[in-house]
Amino acid sequence: MSKPLCVMLVATEASGDDRGAGLAKALRARLGDNVRFIGAGGAQMAAQGVESLFDIAQLSILGVVDALAVYPRAMKLVDQTVALAAREKPDVVVLIDSWAFSLRVAHRLRKIDPSIPLVKYVAPQVWAWRKGRAKVLAGAVDHLLSIHSFDAPYFEAEGLATTFVGNAALKVDFSKADPARLRKDLGIAPEAPILLVLPGSRPSEITRVLPSFAAAALLLKASHPDLEIVIPAAPTVAAAVKAQVAGWPRRAHVVEGEQAKLDAMKAATAALACSGTVTIELALAGCPMVIGYRIDKLTYALVNRLVKRPITLFNIAAGTMVAPELIQDDCTPENLTREAALRLDNADIAGRQIAAQYGALEKMGRGGPDPSDAAAEAILRLIA
């Protein structure tokens, strides 16, 4: 009997952990016991049998200041990741999300063992800024699995074979989500409005985004006494979220786990959402949202003129601001409160936004093939 296929999966963020788990599950469905996984990931990948080299929360960062702060530690983790690949000699290495970390691992592996196929799962957003990254990536990996249909031309022009697999966030299954279950578990009345607060999955987002969201939520609670505040906390930041919320003068419910998050999204009347994958999930759930984001001042000063607006994927697909984006200095408690109150108080505004969100999701490929299945097939073809 031939030895099992060895697949190395490396993800350092919550969204990457989700994609890595889906890919591992799809490969296991095809290969059964004839595949084993090594690498780095979070709780979801661990549930699929990927034993992580390190706690990925150490690398869940964004911005120049945060990157400089963790640089020495990150380089040690790059060393550990490369050493694992050199020792285990996997049949393929899949580097998910995390541009800087993935690129360093890829360059090091190229030098150590150029025979190992390298796959990048999720492309850098060269359509939004820094198109030169397409050429850099083409020189670092063998294949790209893209989540956007418009990615391929940028990378194929540089000679990088690209397979469009679709966005896993569009396949989130809400069929078992139960709003009544959430209300019962949290003691929330059936008719009470719910404001969902989603402050992100990186420690830096909890530091920079949550305070504005918290202030807005408390202002809304003051003007809407029956309003219930629910905060689904990502595993990477759950402790930090709980620590902040413990000091709030008004009650908020912190929930953990994927099922509780989906229940909350279906139960919510409106949401304050950190920019990212979660906005697609909220749109799928039919929840009107206000999107906010903050990064460190130095990074913002460097990228502000380079990044095209809007930044939210379904806003880009729609060609208009379906959901308001309050970025950096615009992400104030007052602005967040005003926009969220419109969606809490006006059913017509909320309904139009929900319909427009659904329309944008259709343009993005909602209802298409399962991305994890497509990614698994692409990887198996590459190895073959």
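It should be noted that the structure appears before, not after, this text.
Residues numbered from 1 in each chain as written. Predicted model: local features only at pLDDT ≥ 70, side-chain atom pairs only at ≥ 80, totals over all residues. Heavy atoms only, no water.

Chemist: Could you give an account of the overall build of the protein, with specific residues and numbers?
Modeler: Each helix and strand counted, the protein has 17 helices and 13 strands in total. Counting only C-alpha atoms and orienting by the principal axes, one finds that the protein spans roughly 65 × 45 × 40 Å. A buried classification covers 54% of the 384 residues belonging to the protein. Put simply, 70% of the contacts in the protein that link residues at least 6 apart link residues at least 24 apart. (Helix = DSSP H or I, 4+ residues; strand = E, 2+ residues; numbered from the N terminus. Buried < 20%, exposed > 50% of the residue type's maximum accessible area, 1.4 Å probe, protein only. Contact = heavy atoms within 4.5 Å.)

Chemist: Tell me about the sheet that holds strand β9 (residues 228–233), and name the residues and values.
Modeler: Read from one edge to the other, the open sheet built from six strands follows the order β10-β9-β8-β11-β12-β13, with strand pairing classed as parallel. Strands with a single pairing partner mark the edges of an open sheet, and in this sheet they are β10 (253–256) and β13 (325–327). Each strand axis lies, on average, 20 degrees off the axis of its neighbour in the sheet, ignoring direction. Examined bridge by bridge, strand β8 (residues 194–198) and strand β11 (residues 270–274) share four bridges and lie parallel to one another. Paired with L198 across the bridge in β11 is A273. Sitting on the sheet, helix α7 (residues 179–186) touches β8, β9 and β10, and the angle it makes with β10 is about 125 degrees. (Pairing = 2+ DSSP bridges. Axes fitted to C-alpha atoms, helices over the stretch in contact; angles between N-to-C directions.)

Chemist: Let's hear about the pairing of strand β2 (residues 35–40): which residues, and what values?
Modeler: The buried fraction of β2 amounts to five of the six residues, a majority that puts the element mostly inside the structure. Where strand β1 (residues 5–11) and β2 come together, six bridges link them in parallel fashion. The residue bridging L9 from the neighbouring strand is G39, located in β2. In this region the chain leaves β1, passes through helix α1 (residues 14–31) and returns to the parallel neighbour β2; the handedness of that crossover is right-handed. (Right-handed = clockwise from strand over helix to strand, strands pointing away.)

Chemist: Break down the nonpolar core for me, citing the residues and quoting the values.
Modeler: In terms of nonpolar packing, the biggest core is built from 38 residues, with F174, L196, M265, I280, L282, M289 and F314 touching the most fellow members. Secondary structure elements with two or more residues in this core: β8, α11 (258–267), β11, α12 (278–285), β12 (289–293), α14 (313–318) and α16 (347–364). Examining the composition of this core, we find that six residues originate from one element, α12, more than from any other. Of all hydrophobic cores here, the second largest spans 35 residues; its members include V209, A216, L326 and L336. (Core = buried A, V, L, I, M, F, W, Y, C linked by side-chain atoms within 4.5 Å.)

Chemist: Explain the packing of helix α15 (residues 333–345) against α16 residue by residue, including any values.
Modeler: α16 packs onto α15 with a crossing angle of 100 degrees between their chain directions and a minimal axis gap of 5 Å. It follows from the interaxial angle that α15 and α16 lie roughly perpendicular. Taken together, the residues of α16 that come into contact with α15 (itself represented by L342, R343 and D345) are A347, I349, A350 and Q353. Its residues assigned to classes, the contact of α15 with α16 comprises four nonpolar, one polar and two charged. (Parallel < 35°, antiparallel > 145°, perpendicular 65-115°, else oblique. Nonpolar A, V, L, I, M, F, W, Y, C, P; charged D, E, K, R; others polar.)

Chemist: Got a sec to walk through unusual backbone geometry? Specific residues and values, please.
Modeler: At S98, a position not held by glycine, the phi torsion is positive, near 45 degrees. Positionally, S98 belongs in the loop between β4 (92–96) and α4 (99–112). Classification of S98 as buried rests on a relative accessible area of 15%. In this structure, V122 is a non-glycine residue whose phi angle is positive, near 90 degrees. With respect to the element layout, V122 can be found in the loop between β5 (118–121) and α5 (133–138). Judged by relative accessible area, which is 11%, V122 ranks as buried.

Chemist: Just give me the short version of the side chain of H224, but keep the residues and values in it.
Modeler: For H224, the position within the fold is in the loop between α9 (210–223) and β9. Overall, H224 belongs to the buried group, its relative accessible area being 16%. Within the local environment of H224, its side chain forms a polar contact with the side chain of S223, the two groups lying 2.8 Å apart. (Polar contact = N/O pair within 3.5 Å; in protein donor to acceptor, adjacent residues only side chain to side chain.)

Chemist: Go over the packing of α9 against α15 with me, naming the residues and quoting the values.
Modeler: At a closest axis distance of 8 Å, the pairing of α9 and α15 adopts a crossing angle of 50 degrees. Looking at the two axes, α9 sits oblique to α15. Both α9 and α15 take part in a crossing whose hand is right-handed. The segment α9 lies against α15, with S212, F213, A215, A216, L219 and L220 engaging P333, L336, T337, A340, A341 and L344. Classifying every residue of the contact of α9 with α15 by side-chain character gives ten nonpolar, two polar and no charged. (Left-handed = near helix turned anticlockwise from the far one by under 90°.)

Chemist: Tell me about the environment of L380, and name the residues and values.
Modeler: Mapped onto the elements, L380 comes out in helix α17 (residues 371–383). In this structure L380 comes out as partly exposed when scored by relative accessible area, which is 21%. Between the alpha carbons of L380 and L219 there is a distance of 52 Å; along the sequence they are 161 residues apart. Not counting the four nearest positions on each side in its chain, L380 is found in contact with L5, L27, R30 and L31.

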